[in-house]
Amino acid sequence: MSSFARGRDIVDLAKLHGWIDSGPGGSHKFLLKKLGKRTVPIRDRLENKFEAQGVLKQLEIDRADWPEKLR
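Treat the numbers as computed from the prediction; the structure is a model and nothing was measured. (Residues numbered from 1 in each chain as written. Predicted model: local features only at pLDDT ≥ 70, side-chain atom pairs only at ≥ 80, totals over all residues. Heavy atoms only, no water.)

*Asks:* Explain the overall build of the chain residue by residue, including any values.
*Replies:* Each helix and strand counted, the chain has two helices and five strands in total. Ordered by position from the N terminus, the helices and strands of the chain form the series β-α-β-β-β-β-α. On C-alpha atoms alone, the chain measures out to a radius of gyration of 11 Å, which is about the 11 Å that the 2.2 N^0.38 rule sets for 71 residues. The principal-axis extent of the C-alpha atoms belonging to the chain is close to 30 × 30 × 15 Å. (Helix = DSSP H or I, 4+ residues; strand = E, 2+ residues; numbered from the N terminus. Rg over C-alpha atoms; globule rule 2.2 N^0.38 Å.)

*Asks:* Please set out the sheet that holds strand β3 (residues 30-33) residue by residue, giving values where relevant.
*Replies:* Taken in spatial order, the three strands make up an open sheet running β2-β3-β4, and their pairing is antiparallel. Strands at the two margins of the open sheet, each flanked by one partner only, are β2 (20-21) and β4 (40-42). Two strands pair when backbone bridges link them, and β2 and β3 are joined in this way by two bridges, in the antiparallel orientation. Bridged to I20 within β3 is K33. Running at roughly 15° to β3, helix α1 (residues 7-16) makes contact with β2, β3 and β4 of the sheet. (Pairing = 2+ DSSP bridges. Contact = heavy atoms within 4.5 Å. Axes fitted to C-alpha atoms, helices over the stretch in contact; angles between N-to-C directions.)

*Asks:* Which residues make up the pattern of salt bridges, and what values do they have?
*Replies:* Under the definition given, this model contains six salt bridges. A salt bridge links D9 to R6, with the nearest nitrogen and oxygen atoms 2.8 Å apart. Note that R8 and D21 form a salt bridge whose closest N and O atoms lie 3.9 Å from each other. In this pair, R8 is assigned in helix α1 and D21 in strand β2, connecting sequence segments 13 residues apart. Assessed through its relative accessible area of 23%, D21 is described here as partly exposed. Each of R8, D12 and D21 takes part in one network of salt bridges that share partners. (Salt bridge = Lys/Arg side-chain N within 4 Å of Asp/Glu carboxyl O. Buried < 20%, exposed > 50% of the residue type's maximum accessible area, 1.4 Å probe, protein only.)

That's the geometry; what it means functionally is another story.
Here it is in structure tokens:
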């Protein structure tokens, strides 16, 4: 089964919005942190569009900045 999106792509976008990747944790390859915000875990492979959109919403990234395939 192939993944819909790579976690690394979401992490790269999040870094542009001030999030920091603090490395792996538990079953998640990436843990994104930002001062005053809750830590957001990101898996290496996101299985569908809705999972990827949910992560971007948790990161509070404007929909206009989302990749085209996720809008």
